[in-house]
Amino acid sequence: MLLSKENITLINLLILQQCFGAGSIKAVKIFNILRDNNILDKEFDDKRLKSFIEAKDVNKLASFDTNKVLKIIDDCVKNNIKVLTIYDADYPERLKSISDSPLILYIKGDFLDIDNLPLISIVGPRKISDFGKKAAYSLGKRLAKSGMIIVSGAALGADTCAHKGTLSVNGKTIAVLGCGICYDYLPENRELRNLISNNGCLVSEYPPFAPATKYSFPIRNRIISALSLGTVVIEASLKSGSLITARLANEQ
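Please read these numbers as outputs of a predicted model, since none were measured by experiment. For every chain, the first residue of the written sequence is number 1, and numbering continues from 1 onward in sequence order. Under the rules for a predicted model, residues below a pLDDT of 70 receive no local features and side-chain atom pairs below 80 are neither given nor counted, while totals for whole chains, interfaces and linings still include all residues. Hydrogens and water molecules were not included; the side-chain quantities draw on all heavy atoms of the structure.

### Observations concerning the pattern of salt bridges
Here is step 1: What makes a salt bridge here is a side-chain nitrogen of Lys or Arg within 4 Å of a carboxyl oxygen of Asp or Glu, nothing more. What the rule picks out here adds up to 11 salt bridges.
Here is step 2: Residues Asp-184 and Arg-190 are paired through a salt bridge, measuring 2.4 Å at the closest nitrogen-oxygen approach.
Here is step 3: Arg-190 sits in the partly exposed class, given a relative accessible area of 40%.
Here is step 4: Connected through salt bridges with shared partners, the residues Lys-26, Glu-54 and Asp-57 form a single ionic network. Exposed residues in this analysis have more than 50% of their type's maximum accessible area, buried residues have under 20%, and partly exposed residues fall in between, with area computed by a 1.4 Å probe over protein chains only.

Here it is in structure tokens:
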């Protein structure tokens, strides 16, 4: 593979995200210092790195198999998934405003002009009351009719109702996933995800076939709130992802 400057940037970002994980501030710092070079060719002796990079980080990067990154790129091409980096012109300023901006976004569908559109996120529990289901559906529907774009997580419960309410009036909706776009998490929502990708988009910071984990959902919640001008919590228990999203929205 002939490495142009753009290819080197993409590969470096993919390597850093794979090595340090989603939402890593350390990965952003390393890239900002070494961005014009192939990261795997570096000795990591830059003085600017020594204040925060550890021996285990150097070992992790030195032993990284670049074939993993090439497979991710190939998977994206085969599945019509756009790869957007934090340094691309169409990367949303709303996401750049948070300290742990995702280095890479994977997108299936029309990402829209995020920074110039009114996005509202609707979140709530998977196990939701009948009233909550009606509220999420109704809010999604009414906000979409008024021109809002609804952001949620495509999970069962409140997310599903909000997305479906939006789609019922041909509104645009964005689902931010806690796994790869091609990973068949929640098979019962497979058709819903397809509808969303055709009437908005699916977004993830995880490679196409990355599985869901108990950690990936709280991490992705910062993207849901950061994309949006406001966040609606339908229902929430005291210890829940919905309240994590609300806290993040308040901080942002």
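### Here's the deal with the packing of aromatic side chains
Here is step 1: Two rings belonging to Phe, Tyr or Trp (six-membered ring only in the last case) form a pair when the distance between their centres is within 6.5 Å. Interplanar angles under 30 degrees mark stacking, angles over 60 mark edge-to-face geometry, and anything in between is tilted. Per the stated rule, a full pass over the model turns up one aromatic pair.
Here is step 2: On the numbers, 5.4 Å between centres and 45 degrees between planes, the contact of Tyr-185 with Phe-217 is tilted. Of this pair, Tyr-185 sits in the loop between β5 (173-176) and α8 (190-198) while Phe-217 is found in helix α9 (residues 216-227), placing the two residues 32 residues apart along the sequence.
Here is step 3: Given the relative accessible area of 26%, Tyr-185 is considered partly exposed.
Here is step 4: Here the basic side chain of Arg-126 rests over the ring of Phe-217, its NZ or CZ set 5.3 Å away from the ring centre. Only DSSP runs of H or I with at least four residues qualify as helices, and only runs of E with at least two residues qualify as strands; both kinds are numbered from the N terminus onward. Only lysine NZ and arginine CZ atoms are considered, and such an atom sits over a ring when it is within 6 Å of the ring centre and within 35 degrees of the ring normal.

Everything listed here is a matter of geometry and, on its own, says nothing about what the molecule does.
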